[in-house]
Amino acid sequence: MAKKGTKSDYNAKNINVLKGLEAVRKRPAMYIGDVSARGLHHLINEVVDNSIDEALAGHCDKINVTINKDGSVTVQDNGRGIPVDIHPDEKRSALEVVMTMLHAGGKFDKNTYKVSGGLHGVGVSVVNALSDWLKVEVSRGGKIYFQEFKKGFPLSKVKETRKAKKTEKGTKITFYPDPDIFKTLDFKFDTVSERMRELAYLNKTITIKIKDERNGGEEETFHFKGGLIEFVKYLDETRQPLHKSIYIEGMKENTPIEIAFQYTTHYTENIFSYVNNINTTEGGTHLSGFKTALTRTLNNYAYRNKLLKEGKINLTGDDFREGLTAVISVKVAEPQFEGQTKTKLGNSETKSAVEMVVGEKLADYLEENPSVGKKIIEKCTRAAEAREAARKARDLARRKNALDTLNLPGKLADCSITDPEHCEIYIVEGDSAGGSAKQGRDRKFQAILPLKGKILNVEKARINKILENNEIKAIISAIGAGIGGDFNKDKARYGKIILMTDADVDGSHIRTLLLTFLYRYMKDLITAGKIYIAQPPLYKIKKGKEDFYAFDEKERDEILKRLKVNGKNNGKSEEEDKNIKGVNISRYKGLGEMNPEQLWETTMNPETRTVLQVTIESAATADKIFETLMGDEVEPRREFIEKNAKYVKNLDI
Ligand code: 0RA
C-alpha cells in the first residue's frame, strides 16, 4: 500500500481524478441534466455560479460572459482568483484540484452559501470534463497564471506567465464544449442573457455583462441597484400595481432573507422563490413561511383596524394572494432540495426564519403605510367575494354535472383504455381537424377533444367567468383532475395532453391561450411534463407514388435536394419547379387539409411523430411571456412579438 505523501500516493490520486472525469463523461446527464441545449447552457451557469459564490463572499462585483467567435465561452470575474499554490494533500496546485476533482470547489474555503443540490453546484470540474478544451487564467498576488486542459485532463502544470497589471484580478475561464458529448453546441444569446438578468436582480451588487462575438457583437449589461424591487417591477411591466413594492430584508437563523412584493389589479398569483439563486419552481419551506406570515399578518391588521365588513366571509390564504407578484430570495448554508426536479426546499428552520422576518417587518410596514394597508385589504376582500361567487357557480355547474367526469363533454371522443399511464388526449383546434383526428387516431389509447374557435383568455378573467366558458369546461372535465386550488394532477385521465393547432397565426394564438390556461390553473401538469405540442408538417412533397413530409422550410429543401430537385433554384417558382421535375409540393394551410391517414402518419402515430414537451425553464420567464402575450397592454405585446417572433412560433416556455 502506498503511504501518504509518497510518489505512488500521487499516482493513486491521479487515478482517482481519471475515474472522476471518466464518470462524468460516461454519464453527463447525471451531472448536468441532459446533453441537449439545456445541458449545454448549464455549463455557463455552472461557471458563473462559481463567480457568484465569490461575489457572495464579498470579493467580486463584476462578471463578464462572452460567447466567442469560435463558439467557446469565456467567463471572467474580478474575484480573488482560484488559488494556485500546491495543495498539501493532493500534491498539485489547488487550481488543478478545483478543475479536475468532483466537488472540490468549496474545499479550501468554507464558503457559507454554496449550492449543494439540484442541478447546480456540481462544480467547475464537470464543465472541464465535458469540454473539448478549457483554459484558465488566474490573476493572483500580482501574477498571471495559466493552465490548459483537454477533455478534463491537464496538458501541463499551472504556469506563471507574466506580471499582472494593477487592475487585473480574478479568474478567467474559457471552454469549448465537447461535440462528442453535446447534441448541440449552439449557445443562445437570449437563453444566457435571461439567466444573467435574473442573477443580476438577485445579487444587486454585481454587474454582469454578456457579449456575443459571433454576429454583430450583441451585448447587454445587467446591474440593478434596486435588486428584487426592480425584479418585481420587471415582472409587472404589463400589470397595474396598486402600490409601490414592499421590501423586506432580514436575517434569522443565519439565513439571509430578501423579499419584494406588490399587489396588482390582476387576479393571478405570481410568486417566484429562490434559494441560493436557484429558482425553486416546486416551492418549499421558504415559500410556505412567506405565505403563512402574509395571511396571518394581513388578517390581524385588517381585524385590528376594523377593515373587514361585519358579517362578511373570512379571507383565506388564496384571497391574500390574488394579484400578488412577489420574489423571495433566501440563502441557505446547507439546503436540502427535494421534489421531482429537486427544486423544493426542505429545511424546516427556513420556514420559521422567513415567517418571523416577514411577520415583524410587514406589520411595521403596514403601521407606517396605512393607505397601502387599506388598499391591500380592499383588494383581498374583493377576491374573497369573487371566490364566493365562483364557489356558487361551481356548485351550480357541478349540480349540472358540467365539470364532472361522470358527464364527459359530448364532443370528446374518448379512448378505450382507462389507465392514464397508457393513454393520451389530443386537444384539437377546430371541428374539421377534430373530425380527421377522430378518424385517424388509434382509439384504444388516443382521445380527441375538438375545440371550437378561441378559448377564453384567462389572464383577463376571474375564475367565475372562466368556469362559464364552454371550451374550458370541456377541457376541465375531459382531463378530470379539477382546477386551480382543487387541482390534483394524479387524477388526470391521460398521461399525455397534446395540443394540436394549425401552423398559422391563429393556431399559435389558440395554443398560447391553451398554455396560459394550463399554466395558470393546471400548472402541475406542466411541471410533471405531461403537456406536449403536436408538430404537424408544413409541406407535403409528392414524387411519383411516394410522399414526403417536411416540418419546415429547411427540411423541405433538404428533401428536395435528396430528390435532386432544388427548392429555390434557377429563379423559378416552386410551381414551375415541380412541374418540370415531376415533383408536387403542397403547403398545408391547416390541419383540416390533411386526411385522417396523413394526420395519423405525420402527427399522431407515436412511432413516427415528433411532439414538443412543454417545460418551465424559468417560471419567471414563463410568467413574463404569458403576461406579455395575454395581458392588457398592447405596446409591450407588439414589442415582444417583434423581438421574439421565432420564440412565439415555437413556444417552449
Ligand atoms: C477556491 C478557493 C477560493 C476561491 C475560489 C476557489 C474561486 C473559484 C472560482 C471559480 C470562478 N471564479 C472563482 N473565484 C474564486 C478562495 C481563495 C482565497 O482564499 O483567496
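For the structure, check the block above.
The sections below set out a description of the structure shown in this document. (Residues numbered from 1 in each chain as written. Predicted model: local features only at pLDDT ≥ 70, side-chain atom pairs only at ≥ 80, totals over all residues. Heavy atoms only, no water.)

### Let's talk about the packing of helix 6 (residues 189-202) against helix 7 (residues 228-235)
Two elements in contact, helix 6 and helix 7, have axes separated by 7 Å at closest approach and are oriented at 135 degrees. Here helix 7 runs oblique to helix 6, going by the angle between their axes. Where helix 6 approaches helix 7, its residues Arg197, Glu198, Tyr201 and Leu202 are matched on the opposing element by Leu228, Glu230, Phe231 and Tyr234. For the contact of helix 6 with helix 7, the residue count by class is five nonpolar, no polar and three charged. (Axes fitted to C-alpha atoms, helices over the stretch in contact; angles between N-to-C directions. Helix = DSSP H or I, 4+ residues; strand = E, 2+ residues; numbered from the N terminus. Parallel < 35°, antiparallel > 145°, perpendicular 65-115°, else oblique. Contact = heavy atoms within 4.5 Å. Nonpolar A, V, L, I, M, F, W, Y, C, P; charged D, E, K, R; others polar.)

### Topic: the packing of helix 8 (residues 285-304) against helix 9 (residues 348-368)
At a minimum axis separation of 7 Å, helix 8 and helix 9 run at an interaxial angle of 30 degrees. Here helix 8 lies roughly parallel to helix 9, going by the angle between them. Like other packed secondary-structure pairs, helix 8 and helix 9 cross with a definite hand, here right-handed. Residues that form the contact of helix 8 with helix 9 fall into these classes: 10 nonpolar, nine polar and five charged. (Left-handed = near helix turned anticlockwise from the far one by under 90°.)

### Considerations on the sheet that holds strand 19 (residues 424-429)
Spatial strand order, 20-19-21-22-26: five strands in an open sheet with mixed pairing. The sheet is open, and its two edges are formed by strand 20 (446-451) and strand 26 (611-613), each paired on a single side. Taken over all neighbouring pairs, the strand axes of this sheet differ in orientation by 25 degrees on average, direction set aside. (Pairing = 2+ DSSP bridges.)

### Observations regarding the packing of aromatic side chains
As enumerated under the stated definition, the model contains nine aromatic pairs in all. With a centroid separation of 6.4 Å and 85 degrees between ring planes, the pair formed by Phe175 and Phe187 is classed as edge-to-face. In this pair, Phe175 sits in strand 9 (residues 170-177) while Phe187 sits in the loop between strand 9 and helix 6, placing the two residues 12 residues apart along the sequence. The pair formed by Phe175 and Phe187 is uniform in burial state, with each residue classed as buried. (Phe/Tyr/Trp six-rings, centres within 6.5 Å; stacked < 30°, edge-to-face > 60°. Buried < 20%, exposed > 50% of the residue type's maximum accessible area, 1.4 Å probe, protein only.)

### Side note on the side chain of Asp236
As for its position among the elements, Asp236 is in the loop between helix 7 and strand 12 (246-252). Asp236 sits in the buried class, given a relative accessible area of 4%. Beyond its immediate stretch of four places on either side in the chain, Asp236 contacts Gln262, Thr264 and Thr325.

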